[in-house]
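What follows is each chain in one-letter form.
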Amino acid sequence: MELLVAHERWPLRQAFTIARGSRTVADVVAVALTVNGVTGRGECLPYARYGESVESVIAQIEQMRAALANGMTRDALQLALPAGAARNALDCAFWDLECKRSGQTIWQRTASQPPRHLQTAYTLSLDTPEKMQQAARENAWRPLLKLKLADNQDGARVAAVREGAPHARLIVDANEGWDEHLYLQQATALGKLGVTLIEQPLPAGKDAVLAQLPHPVPLCADESCHDVASLARIAGCYEMINIKLDKSGGLTEALRVKAEAGRLGLQVMVGCMVATSLSMAPAVVVAQGASVVDLDGPLLLAKDREHGLHYEGSELFPPTPALWG
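Computed from a predicted model, the values in this text were never measured in an experiment.

A. Molecular detail of the overall build of the protein chain. Regarding its fold elements, the protein chain presents 11 helices and 14 strands. Here the protein chain has a C-alpha radius of gyration of 19 Å; the compact-globule value for 325 residues is 20 Å, and the two agree. Its C-alpha atoms give the protein chain principal-axis dimensions of roughly 60 × 40 × 40 Å. Sequence separation of 24 or more characterises 66% of the internal contacts of the protein chain that already satisfy a separation of 6 or more. Taken as a whole, the protein chain presents about 13200 Å² of accessible surface, with 51% of it coming from carbon and sulfur. Across the protein chain, the mean location of the 31 positive side-chain charges is 2 Å away from that of the 36 negative side-chain charges.

Written out as structure tokens, the structure reads:
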């Protein structure tokens, strides 16, 4: 098995800001696995929040080169690398390669029902209330808006967005930016503004207190939820989890996380990093039947990859085999 790994830079349409910082480019790592002239592809986005960089992720992938050349399997990969971006790119490339070599679609390989179109959230970057309201006005026709929040000005931000998009369903993501006091101050107020979900209000590792606090709006774990092992402490603190393949380490583990979440009574949101359609395509598999879908990454790019996912407004269509799977 031959390995090709590359760092690619994809400019964004405009700066994208969350509580931890801002970016204007998506720095992704693309992987290709080739056997007898047949190639499978995968993509990941290294995330500094989890101690990752483009360089460290490429180094992890390169460490697998000899094992891949000697016939490493997708199952063996799960034990060789921890959950994270590097394993995600390789795992998804394995799935694509399996599809291409077998002549089966990803839906056949995973024994899934025929895929359905999905309604994705559209994310409004963190900004001043006035600028977020303008962004909301421009996207008021979308059925679901996701707002990036950060601090004690969030009530004003949400009120401004609600005025700008009075009919849209709103979900918000604090990206670990609140403390317990701010959560208690904000949660009820945001519920009155029509917010239907709050994502990761408190820092991961400091969120056990949520089990004792009121939940006027359902809560979703993002930074606190990675692989199956992370789920045990989440139940009771959150009503929902956000599955992202860069956190779970690929489609293989993401499907396991989804199944275990169902057993624990947790609803599922499927999210993404800001990356190309090659990153989104495997997540579309996990997103079938999810309560919330947040796979708008390509919509935030200045230009997407060839054969990218097809969007009609906020409606997302399944990937074609020319892209992945």
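The discussion continues.
B. Expanded view of the pairing of strand β8 (residues 195-199). Within β8, four of the five residues are buried, which leaves the element mostly enclosed by the surrounding structure. Taken together, strand β7 (residues 169-173), helix α8 (residues 180-192) and β8 constitute a β-α-β crossover, and its handedness is right-handed. As defined by bridge partners, β8 adjoins strand β9 (residues 219-221) across two bridges and the pair is classed as parallel. The partner of E199 across the bridge, within β9, is C220.

C. Highlighting the packing of aromatic side chains. Here the structure, examined in full by the defined rule, presents one aromatic pair. With a centroid separation of 5.4 Å and 70° between ring planes, the pair formed by Y47 and Y50 is classed as edge-to-face. When its relative accessible area of 13% is taken as the criterion, Y47 is described as buried. On the basis of relative accessible area, Y50 is assigned to the partly exposed category, the value being 26%. Taking NZ or CZ as reference, R74 lies 3.7 Å from the ring centre of W95, over its face.

D. How the structure looks around the side chain of D91. Within the secondary structure, D91 sits in helix α4 (residues 85-102). Buried D91, no salt bridge; nearest opposite-charge side chain is R74, N-O distance 4.7 Å. For D91, the side chain forms a polar contact with the side chain of Q78, separated by 2.9 Å. A distance of 2.8 Å separates a polar side-chain atom of D91 from the backbone nitrogen of L251. When near neighbours in sequence (up to four residues on either side) are disregarded, D91 contacts R74, L77, Q78, G249, G250, L251 and T252.

Calculation rules
Residues numbered from 1 in each chain as written. Predicted model: local features only at pLDDT ≥ 70, side-chain atom pairs only at ≥ 80, totals over all residues. Heavy atoms only, no water. Helix = DSSP H or I, 4+ residues; strand = E, 2+ residues; numbered from the N terminus. Rg over C-alpha atoms; globule rule 2.2 N^0.38 Å. Contact = heavy atoms within 4.5 Å. Areas by Shrake-Rupley, 256 points an atom, 1.4 Å probe, with all protein chains shown as cover. Lys, Arg positive; Asp, Glu negative; His and termini not counted. Charge placed at Lys NZ, Arg CZ, Asp CG, Glu CD. Buried < 20%, exposed > 50% of the residue type's maximum accessible area, 1.4 Å probe, protein only. Right-handed = clockwise from strand over helix to strand, strands pointing away. Pairing = 2+ DSSP bridges. Phe/Tyr/Trp six-rings, centres within 6.5 Å; stacked < 30°, edge-to-face > 60°. Lys NZ or Arg CZ within 6 Å of the ring centre and 35° of its normal. Salt bridge = Lys/Arg side-chain N within 4 Å of Asp/Glu carboxyl O. Polar contact = N/O pair within 3.5 Å; in protein donor to acceptor, adjacent residues only side chain to side chain.

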